[in-house]
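Take a look at the letters that make up each chain.
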Amino acid sequence: MKKHLFLKIFILLMVIIGLIIAYSHFIATQMITLHEYKITNPNITENFDGFKILHITDIHYGRMFDKGKLDRLVKSINEQEPDIVVLTGDLIDKDTNLTTSMADELGNGLKKIKANVAKYAITGNHDYKFDEWQNIIENGGFENLNNTYDTIYKNGYSSILIAGVSTAEDKQNINDKLTSTIDYINSFENGGPIYKILLIHEPDLIDNLNNNKFDLILAGHTHNGQVRLPFLPPIILPENGQKYPGPFYKIGNTDMYVSNGLGVSTIDFRLFNTPSYNIYRLTNK
């Protein structure tokens, strides 16, 4: 009797484990969810009140993320009517055999993403091996923000600064990458951009900043722990993403959000952590 009971329990456990594996591979990886955050800062002027920043990251195109899922993502993004769209790296998975047709479909898909003001992108560690990244980004209507900055104006004289740094894979010091940005910020004795945003791929790089002048930092890379267990911290995290796996940190006066991303890497599973993108609404109240 006990042997039969043990066998039934064993079979039931195997079935449950099999269902969890099937769900995390075939269903969870194909989901797209949206996380919305309100960011309050007294420096936000009325012309930027309600300004919407849409943050996508870690698509890992070519690895369980194909044209069909890209089309669904584009449709979902456009329904949000963002002011700017930012992509914080790992557009392409390092193991993808990127053909010309794949690069074209990726660029054409990104081009369909609509933003009221602008679209910006930086590289992730997976993108680093692909010479095609720059052309895909340009064809998609995104501005390459690696190690440079831009100023955003909307219905007024005040501006927001947005800067970016390339992936740590290039082995350059983050402070050297931000030299022109910091020089620009320091050029103002009074005035200047009312709000300053930094795009990075690997969130742990924040600790290497000599002088953090940014109000908001947006990152990816960690997937917030692609496979998780309830009530436990992430089990497997990548280099430069172990201290700040996400989703939010207050570091001094800086808000840092680490998106859990839209794709998968290394293993083709998502568990208790569905693919998603973020929207941040700026306000002064």
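Residues numbered from 1 in each chain as written. Predicted model: local features only at pLDDT ≥ 70, side-chain atom pairs only at ≥ 80, totals over all residues. Heavy atoms only, no water.

A. Structural view of the sheet that holds strand β3 (residues 84–88). If you walk across this open sheet you meet the six strands as β1-β12-β2-β3-β4-β5, and the pairing is mixed. Of all strands in the sheet, those bounded by a partner on one side alone are β1 (33–40) and β5 (143–144). With five bridges joining them, β3 and strand β4 (residues 118–122) adopt parallel strand pairing. Across the sheet, the residue bridging to Thr-88 is Ile-122, located in β4. Contacting β1, β2 (52–56), β3 and β12 (276–283), helix α2 (residues 67–80) crosses the sheet at an angle of about 15 degrees to β12. (Pairing = 2+ DSSP bridges. Helix = DSSP H or I, 4+ residues; strand = E, 2+ residues; numbered from the N terminus. Contact = heavy atoms within 4.5 Å. Axes fitted to C-alpha atoms, helices over the stretch in contact; angles between N-to-C directions.)

B. Quick look at the UniProt feature "transmembrane region" (unreviewed entry) in the chain. Those places that UniProt annotates as "transmembrane region" (unreviewed entry) correspond, in this numbering, to residues 5–26. A distance of 31 Å separates the end C-alpha atoms of residues 5–26, which is 100% helix and 0% strand. (UniProt positions renumbered as here; feature names shortened; annotations may be inferred.)

C. Here's a closer look at α2. Spanning 14 residues, α2 covers 20 Å between terminal C-alpha atoms, matching the ideal 20 Å at 1.5 Å per step. Contacts from the buried residues of α2 go to β1, β2, β3, α3 (100–111) and β12. Between a side-chain oxygen at the N-terminus of α2 and the backbone nitrogen of Gly-68 the separation is 3.2 Å; the capping residue is Asp-66. Of the residues trailing α2, Glu-81 is marked for its positive phi of about 50 degrees. (Expected span 1.5 Å × (residues − 1). Polar contact = N/O pair within 3.5 Å; in protein donor to acceptor, adjacent residues only side chain to side chain.)

D. Layout of the packing of aromatic side chains. The full count for this structure, using the stated rule, is nine aromatic pairs. On the numbers, 4.8 Å between centres and 55 degrees between planes, the contact of Tyr-37 with Tyr-257 is tilted. With Tyr-37 in strand β1 and Tyr-257 in strand β11 (residues 254–258), this residue pair connects regions lying 220 residues apart in the sequence. Take Tyr-257: its relative accessible area is 6%, and that puts it in the buried class. Seen from their ring centres, Phe-48 and Phe-51 are 5.2 Å apart, and the 75 degrees between their planes marks the pair as edge-to-face. Site record: aromatic cluster; members linked through ring pairs are Tyr-37, Phe-248, Tyr-257 and Tyr-280. (Phe/Tyr/Trp six-rings, centres within 6.5 Å; stacked < 30°, edge-to-face > 60°. Buried < 20%, exposed > 50% of the residue type's maximum accessible area, 1.4 Å probe, protein only.)

E. Region of interest: the side chain of Thr-283. Along the polypeptide, Thr-283 turns up in strand β12. Relative accessible area serves as the criterion here: at 9%, Thr-283 is assigned to the buried category. Polar side-chain contacts of Thr-283 include one of 3.2 Å to the backbone nitrogen of Lys-285. Discounting chain neighbours no more than four positions away, the residues touching Thr-283 are Lys-38, Ile-39, Thr-40, Asn-41, Ile-44 and Asp-49.

F. Geometry of the environment of Gln-172. Inspection of the secondary structure puts Gln-172 in the loop between β7 (159–164) and α5 (174–177). As for Gln-172 and Ile-113, which are separated by 59 residues in sequence, their C-alpha atoms are 31 Å apart.

G. Focus on the environment of Asp-58. Mapped onto the elements, Asp-58 comes out in the loop between β2 and α2. As a C-alpha pair, Asp-58 and Thr-88 span 30 residues in sequence and 7.4 Å in three-dimensional space. Leave out the neighbours within four places in its chain, and Asp-58 touches Gly-89, Asp-90, His-201, Gly-220, His-221, His-223, Gly-261, Leu-262 and Gly-263. A distance of 2.8 Å separates a polar side-chain atom of Asp-58 from the backbone nitrogen of His-221.

H. Seen up close, the sheet that holds β7. Strand order in this open sheet of six strands is β6-β7-β8-β9-β11-β10, and the pairing throughout is mixed. In the strand order of this sheet, the two ends are held by β6 (148–153) and β10 (248–251), each with one partner. Across the sheet, the axes of successive neighbouring strands diverge by a mean angle of 20 degrees, strand direction being ignored. Sheet topology places strand β9 (residues 216–219) next to β11; four bridges connect them, and they run parallel. Among the inter-strand pairings, Ile-217 is bridged to a residue of β11, identified as Met-256.

I. Up close: the UniProt feature "domain: Calcineurin-like phosphoesterase" (unreviewed entry) in the chain. If you check UniProt for "domain: Calcineurin-like phosphoesterase" (unreviewed entry), the listed places come out as residues 51–224 in our numbering. Along residues 51–224 the backbone is 26% helical and 22% strand, and the end-to-end C-alpha distance reaches 25 Å.

J. Expanded view of the pattern of salt bridges. According to the stated counting rule, one finds 12 salt bridges in the structure shown. One salt bridge connects Asp-93 with Arg-63, and the closest N-O pair in it is separated by 3.6 Å. You can see Asp-93 sitting in the loop between β3 and α3 and its partner Arg-63 sitting in the loop between β2 and α2, a full 30 residues away along the chain. A relative accessible area of 15% means that Arg-63 is categorised as buried. A salt bridge links Lys-177 to Asp-170; the shortest N-O distance between them is 2.9 Å. Exposure remark for Asp-170: the relative accessible area of 15% places this residue in the buried category. A network of salt bridges, in which partner residues are shared, links Arg-63, Asp-93, Lys-94, Asp-95 and Asp-268. (Salt bridge = Lys/Arg side-chain N within 4 Å of Asp/Glu carboxyl O.)

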